[in-house]
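# Commentary on secondary and tertiary structure
These are the residues of each chain, in order.
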Amino acid sequence: MSLYAHERRIAELAVERACKLTSIVSGSQQKDSVSKSDHSPVTVADFGAQAVIIGALQTVFPEDPVVGEEDSSILRKDDGLRDHVWRLVQEASGFDTYQTEIGQVESEKKVLDYIDWGRFEGGKVKRMWALDPVDGTKGFLRGGQFAVCLALIVDSKVVVGVIGCPNLLVDPADESSGSGMIFSAVIGEGAFSRPLASPIDSAVPISMRSLTDPSTASFCESVEAGHSSHGQQAKIAQSLGITKPSVRMDSQAKYASIARGDGDIYLRLPVSATYEEKIWDHASGNLLVAEAGGMVTDMYGNPLDFSQGRTLKKNKGIVAASKVIQPKVLEAVQKVLHES
Ligand code: AMP
Ligand code: MG
């Protein structure tokens, strides 16, 4: 019996329920988005998904702190938005049969309380969860890729990672295969995937492509030029001899895609010297790729340090690839950094 089997199951049920909530929002054409103080968009789906997931965690693991992206300050001031989120939360939980395991969000007040349980400051603690309820909100608004991401961090190490990708094709080579995938990993036990519509015990192992020559690699990066340096990434690809154009997609769907072998390399070179990557943007993806035979480091080759609070302040940039080619990619990163 796996050490974290229960945590993984609860995380998957919670992420699945949150993915249903995002699908309700996508289908309704009423995405209700507002701007946060840093001018990034947040939608009813971000708030609803955070409430649903923390509600599940509070039901099963009431002691566990959560570092979540959102807080309720905007909702407390906006009755219409709050009401919309509450209706969504009820609708999403009404669809599933998980109540006995992960409970239900009981009231509008609980929606706000659960969202704010995600304000934990992080750091060196025994156990905490990192949650990005809708990673890639810009992708979600565009109808592109986004991901619901939940990870358990124990003693500063990610030990469980779950990523739900409602818009990711089941079979990337077949447009008619339908969309909606969920990925999960437990430390030391491999990485798995299944369609969101399939039962939890139907997940199959996934692994990265075993590539030895990086020039044949396919690499992915953010859609948003404001999130990573497309220019430097193009130079790194060129220095590796890669001729294929990059695959651009939002969110941790990038980690999931390389983990299952759709692509080989994920590059995220900073555009700003002061931006600190958030732990919820990398915790799940980091474990998924590692468990699928890959390696994730920052642009200097250091492992990601999840013990520094809500951000990865000790790290800059992300370089993810299979174990065999990751050192070669890092070399190319260093070369391009020295030239610029
Ligand atoms: P992606 O979809 O991979 O571009 O990543 C989306 C994430 O980028 C969001 O969840 C934000 O937390 C994060 N983000 C916002 N601003 C920046 C920035 N200047 N540099 C890197 N990441 C950012
Ligand atoms: Mg995010």
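Residues numbered from 1 in each chain as written. Chains lettered and ligands numbered in written order. Predicted model: local features only at pLDDT ≥ 70, side-chain atom pairs only at ≥ 80, totals over all residues. Heavy atoms only, no water.

### As for empty space enclosed by the protein
We count it as follows: Points on a 1 Å grid, built from protein atoms alone, make a cavity when a 1.4 Å probe fits but cannot get out and make a pocket when they are open with protein on both sides within 12 Å along at least 5 of 7 lines; residues with an atom within 4 Å of a point are the lining residues. Grid points are joined across faces, edges and corners, and a volume is the space filled by probe spheres set on the points. Throughout this entry, Asp, Glu, Lys and Arg are counted as charged residues, while Ala, Val, Leu, Ile, Met, Phe, Trp, Tyr, Cys and Pro are counted as nonpolar. The remaining residues, Gly among them, count as polar.
One pass over the structure, following the stated rule, counts 1 cavity of 30 Å³ or more. A volume near 40 Å³ is recorded for the largest cavity. If you go around the largest cavity, the residues you meet are P270, S272, Y275, E277, N315, K316 and G317. For the lining of the largest cavity, a count of residues per class yields 2 nonpolar, 3 polar and 2 charged.

### With respect to the site of ligand 1
Keep this limit in mind: Nearness of a residue to a molecule or strand requires only that one of the residue's heavy atoms be within 4 Å of it. What qualifies as a polar contact is a pair of N or O atoms within 3.5 Å, subject to a donor-acceptor requirement within protein and to the restriction that residues adjacent in sequence count only when both atoms come from side chains. Only the protein chains shown count as cover for residues, and the accessible areas themselves come from Shrake-Rupley with a 1.4 Å probe. Assignment of a molecule to a cavity or pocket requires that more than half of its atoms lie within 2 Å of the corresponding grid points.
For ligand 1, the full set of nearby residues is D132, D135, S222, G226, H227, D250, S251, K254, R268, Y275, E277 and D281. One of the side-chain N or O atoms of Y275 is found 3.1 Å from a nitrogen atom in ligand 1. Contact distances for ligand 1 include 2.6 Å between an oxygen atom and a side-chain N or O atom of D281. Surface burial for ligand 1 is 84%, taken as the share of its 500 Å² of free accessible area covered by protein chains. With respect to the detected pockets, ligand 1 is housed in the largest pocket. Taken together, the residues of the shell around ligand 1 sort by class into 1 nonpolar, 4 polar and 7 charged.

### Remarks on the sheet that holds strand 5 (residues 147-154)
Our working definition: Here, strands pair whenever DSSP counts at least two bridges between them. Strands here are runs of E lasting at least two residues and helices are runs of H or I lasting at least four, both read from the DSSP assignment and numbered beginning at the N terminus. Lines fitted to C-alpha atoms define the axes, with helix axes restricted to the stretch in contact, and inter-axis angles between N-to-C directions lie between 0 and 180 degrees.
Reading across from one edge, 3-4-5-6-7-8-9 is the order of the 7 strands in this open sheet, with mixed pairing throughout. With one partner strand each, in any of the chains shown, strand 3 (66-68) and strand 9 (204-206) form the two edges of the open sheet. Strand-to-strand twist across the sheet, computed as the mean angle between neighbouring axes with direction ignored, equals 20°. Two strands pair when backbone bridges link them, and strand 3 and strand 4 (residues 127-135) are joined in this way by 3 bridges, in the parallel orientation. The residue of strand 4 that forms the bridge with G68 is L131.

The analysis is restricted to geometry; functional conclusions fall outside its scope.
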